[in-house]
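If you want the building blocks of each chain, they are given just below.
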Amino acid sequence: MQKPGRAERTALIATGAAQGQARLYLTHVTAQIEVMLWLKAFHVIFVVTWFAGLFYLPRLFVYHVEASESVVRERLKIMQRRLLMITHVGGMLAVAFGTALMVWWLLNAPAYLHSGLWFHLKLALVACLIAYHCLLVRMVRQFATDSFSRSSRWLRIFNEIPALLLIGIVVLVVVKPL
């Protein structure tokens, strides 16, 4: 076997450099994708936390409206206040990680978010969730001052709103029908 000539050695060196650059690029892309996956994981974790509060607070309200003993109502007020705090944390972190995820997509693959109406509709449904959360805050305050006047039946129906919003959001994000 003969030694490679100068031109062949130069080609081999260039090929090696190109492979090194390709490896470096792939390492960078892989790191970027890992960042996105971590953002997505934490977004989902805090969405679940947020929804736990959005689902359970109205249930506590039903128990409160149906409670006849003042001791039980006072205990439910404490539970409502504490759960609301956890719900605030979940909601704020879900929105923060969702915003970070959106920025990641805008910087790395903006066409993904503009590939239909799905993302804009998702944001509209998230705005509805935030409005629902604000209504829960108002209701906790009304229960704290014993000024809530709705029935348990109304609360049971009201409690279905986040489930419907969740279904819409999941279908939009996973299926992207629009």
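Located above this text is the structure these notes cover.
Here we summarise the structure given alongside this text. A quick note: this is a predicted structure, and the numbers were derived from the prediction, not measured. (Residues numbered from 1 in each chain as written. Predicted model: local features only at pLDDT ≥ 70, side-chain atom pairs only at ≥ 80, totals over all residues. Heavy atoms only, no water.)

**A short note on the pattern of salt bridges**
So, point 1. One pass over the full model with this rule turns up three salt bridges.
So, point 2. Residues Glu74 and Lys77 are paired through a salt bridge, measuring 3.0 Å at the closest nitrogen-oxygen approach. With Glu74 and Lys77 both in helix H2 (residues 70-108) and three residues apart, the pair spans about one turn of that helix.
So, point 3. Its relative accessible area of 11% is what places Lys77 among the buried residues.
So, point 4. A salt bridge links Asp146 to Lys77, with the shortest nitrogen-to-oxygen separation between them at 3.0 Å. (Salt bridge = Lys/Arg side-chain N within 4 Å of Asp/Glu carboxyl O. Helix = DSSP H or I, 4+ residues; strand = E, 2+ residues; numbered from the N terminus. Buried < 20%, exposed > 50% of the residue type's maximum accessible area, 1.4 Å probe, protein only.)

**Thoughts on unusual backbone geometry**
So, point 1. Notably, Asp146 is not glycine yet its phi reads approximately 55°, a positive angle.
So, point 2. Assignment of secondary structure puts Asp146 in the loop between helix H4 (118-144) and helix H5 (152-158).
So, point 3. A residue is classified by how much of its surface remains accessible, and Asp146, at 55% relative accessible area, is exposed.
So, point 4. Although it is not a glycine, Lys176 sits at a positive phi angle of roughly 50°.
So, point 5. Structurally, Lys176 is set in the segment after helix H6 (161-175).

**Considering the side chain of His64**
So, point 1. Relative to the helices and strands, His64 resides in helix H1 (residues 6-66).
So, point 2. On the accessibility criterion, His64 (4% relative accessible area) is buried.
So, point 3. Dropping the residues within four chain positions of it, His64 is found in contact with Arg73, Leu76, Lys77, Gln80, Phe143 and Asp146. (Contact = heavy atoms within 4.5 Å.)

So, to be careful, I would describe these as geometric facts and stop short of saying anything about function.
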